[in-house]
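Notes for the structure review
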Amino acid sequence: MLNGKKVAVVLSGGGIRGPLQVGALESLLEHGIEPDMFVGTSAGALNSGFLAAHGPTLNSIPHLKDAWRSATRDVVYPGNIFTIAGRLVSGDDGLFPTEGMRRLIQSHLPPDVRTFGQLRAECYLSAVDLISRKLFVFGDFPEAPLIEGMMASSVIPVLQPPLMYASKQLVDGGVLAEVPCSIAMDRGAQVIYAVNLGTGEAPGDPVNGLFNIFMRTVETWLVQTLYTDLRRARSDPAIELHHIQIGAFGDLPFNDFDHIEEQFEAGKQTMDLYLAAPEPREAFKPESAQMPQLEEVGGMREFILPR
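What counts as what
Residues numbered from 1 in each chain as written. Predicted model: local features only at pLDDT ≥ 70, side-chain atom pairs only at ≥ 80, totals over all residues. Heavy atoms only, no water. Buried < 20%, exposed > 50% of the residue type's maximum accessible area, 1.4 Å probe, protein only. Helix = DSSP H or I, 4+ residues; strand = E, 2+ residues; numbered from the N terminus. Phe/Tyr/Trp six-rings, centres within 6.5 Å; stacked < 30°, edge-to-face > 60°. Lys NZ or Arg CZ within 6 Å of the ring centre and 35° of its normal. Contact = heavy atoms within 4.5 Å. Core = buried A, V, L, I, M, F, W, Y, C linked by side-chain atoms within 4.5 Å. Polar contact = N/O pair within 3.5 Å; in protein donor to acceptor, adjacent residues only side chain to side chain. Pairing = 2+ DSSP bridges. Axes fitted to C-alpha atoms, helices over the stretch in contact; angles between N-to-C directions. Parallel < 35°, antiparallel > 145°, perpendicular 65-115°, else oblique. Left-handed = near helix turned anticlockwise from the far one by under 90°. Nonpolar A, V, L, I, M, F, W, Y, C, P; charged D, E, K, R; others polar.

Here's the deal with helix α7 (residues 146–154)
Three or four residues apart is the spacing at which side chains of an α-helix point the same way, because the helix has 3.6 residues per turn. Counting buried residues along α7, 9 of its 9 residues qualify, which places the element largely inside the surrounding structure. Within α7 the residues assigned to the buried category are Leu146, Ile147, Glu148, Gly149, Met150, Met151, Ala152, Ser153 and Ser154.

Here's what the structure looks like:
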């Protein structure tokens with residue numbers, strides 16, 4: 001609790017850039033902000049699960065760092081061009097197996113924590129079911145196995161095979177909700193620190209080239225749920241939402257594990273800087289609560305997608 005309000009940390013996806021969130025979490029805890037709740041997807045699900053399992057205190061940060069230091073290319077993305085080609089030819093569901101990642105997660109969880117009900121803080125992890133095309137959340141039922149939630153939320157489609165669990169074909173929750181703040185709001189969070197390693201609100205520069213245009217298109221699709229959640233927070237004066245975007249190491253290849261330590265430090269520096277002058281989302285004034293200012297340019301008017 002912070003001034004009597006329930007505090008949540010929401011951690012986005014980010015893949016290999018997940019250590020940035022570890023540094024940000026260390027900064028939050030150093031500033032006396034101890035979360036009551038964690039919400040995560042993809043890399044953020046791993047960080048959320050580990051910290052909720054060990055406890056939301058500074059003493060748990062070394063455990064989280066050790067987990068990331070144990071994540072190597074051979075563990076998470078084993079093999080070579082020939083094994084990848086073999087998996088393609090044989091019609092496998094992913095380019096890399098996930099057994100190594102499962103062992104890594106298991107080895108860094110406390111031995112007495114196996115289910116969500118055994119966690120030392122509330123934790124909610126999102127995953128997408130490819131069968132129903134719906135978003136699912138682990139954490140509401142105490143008997144749910146923690147490792148399955150962490151695995152389901154973090155397996156990256158195409159790179160890794162989906163997780164079959166409870167007759168669902170589950171993949172990275174970031175496919176539908178990259179920064180799932182609504183999950184925290186729905187569960188009573190009043191102060192939210194959203195640590196976003198993906199796209200933010202600032203406009204980007206024009207892009208050129210087929211690959212860059214495709215990637216910007218994907219980013220545009222993924223960021224829409226964030227925009228919706230930010231509008232929701234602004235429309236509710238009871239919610240104080242801090243959106244901290246960390247863009248460092250944005251060009252790292254997905255399998256580059258050589259910059260873990262630098263990312264710890266960069267994430268901490270970013271959060272330290274933010275907390276020196278925090279800027280929570282300002283609530284809409286009553287007269288503007290129904291419709292924020294829309295951009296108008298060149299005979300066009302911005303349209304806000306309904307939730």
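A few points about the packing of aromatic side chains
Applying the stated criterion to the full structure yields 6 aromatic pairs. Seen in terms of ring centroids, Phe96 and Phe254 are 6.1 Å apart; in terms of plane orientation they differ by 55°. Their pairing is tilted. Of this pair, Phe96 sits in the loop between α5 (81–89) and α6 (99–107) while Phe254 sits in the loop between β8 (240–245) and α10 (260–276), and the two are 158 residues apart along the sequence. Given a relative accessible area of 5%, Phe96 falls into the buried group. One aromatic cluster in this structure is built from Tyr77, Phe96, Phe254 and Phe257. When the ring centre of Tyr124 is taken as origin, the NZ or CZ atom of Arg187, which lies over that ring, is 5.0 Å away.

So, the environment of Thr41
Here Thr41 shows up in the loop between β2 (37–40) and α2 (43–54). Along the chain, Thr41 and Leu252 lie 211 residues apart, while their C-alpha atoms are 19 Å from each other. Those residues in contact with Thr41 that lie beyond four places of it in its chain are Leu11, Ser12, Gly13, Ser126, Ser153, Asp172, Gly173, Gly174, Ala177, Glu178 and Pro180.

A word on the nonpolar core
Counting 67 residues, the largest nonpolar core has Phe50, Ile105 and Tyr193 as the members making the most contacts within it. For this core, the element with the most residues is α2, which contributes 7 residues. Ignoring sequence-local partners within four residues, the contact set of Ile105 consists of Leu46, Phe50, Ile147, Met150 and Met151.

What about the side chain of Asn47?
Position of Asn47 relative to the elements: it lies in helix α2. Looking at Asn47, its side chain comes within polar contact range of the main-chain oxygen of Gly18, at 3.2 Å.

Topic: the pairing of strand β3 (residues 122–129)
Counting buried positions along β3 gives 7 out of 8 residues, so the element sits mostly inside the fold. Across 5 bridges, the pairing between β3 and strand β4 (residues 134–138) is antiparallel. Residue Asp129 lies in a different strand from β4, and its bridge partner there is Lys134. Following β3, the chain reverses through 4 residues before pairing antiparallel with β4; Arg133 in that reversal takes a positive phi of roughly 60°. Relative to strand β6 (residues 168–172), β3 is paired through 3 bridges, and the arrangement is antiparallel. Across the sheet, residue Val128 finds its bridge partner in β6, namely Val171.

Describing the pairing of strand β1 (residues 7–11)
Of all 5 residues in β1, 5 are buried; the element is thus mostly enclosed. The alternating pattern of β1 places Val7, Val9 and Leu11 and Ala8 and Val10 on opposite faces, both of which are buried. Across 4 bridges, β1 lies against β2 in parallel orientation. When the sheet's bridge partners are listed, Leu11 is paired in β2 with Gly40.

Concerning the packing of α2 against helix α3 (residues 61–69)
Between α2 and α3, the shortest axis-to-axis distance is 9 Å and the interhelical angle comes to 140°. What the angle tells us is that α2 and α3 run oblique. The two elements α2 and α3 meet at a crossing, and its hand is right-handed. Side by side, α2 and α3 meet where Ala43, Asn47, Phe50, Leu51 and His54 of the first sit next to Ile61, His63, Leu64, Ala67 and Trp68 of the second. Residue composition of the contact of α2 with α3, grouped by class: 7 nonpolar, 3 polar and no charged.

With respect to unusual backbone geometry
Not every positive phi belongs to a glycine, and Ser42 is a case in point at roughly 60°. Mapped onto the secondary structure, Ser42 falls in the loop between β2 and α2. Positive phi, normally seen in glycine, also occurs at Val158, with a value near 80°.

What to know about the environment of Val171
One can find Val171 in strand β6. Exposure remark for Val171: the relative accessible area of 1% places this residue in the buried category. For the pair formed by Val171 and Ser154, sequence separation is 17 residues and the distance between their alpha carbons is 6.8 Å. With residues near it in sequence (within four places) discarded, Val171 still touches Ala127, Val128, Leu130, Ala152, Val155, Pro157 and Pro162.

Re the packing of α2 against α7
Between α2 and α7, the least distance of the axes is 8 Å, while the angle of their chain directions is 160°. On the basis of their axis angle, the class for α2 and α7 is roughly antiparallel. The segment α2 lies against α7, with Ala45, Leu46, Gly49, Phe50 and Ala53 engaging Leu146, Met150, Ser153 and Ser154. Of the residues belonging to the contact of α2 with α7, the class tally is 6 nonpolar, 3 polar and no charged.

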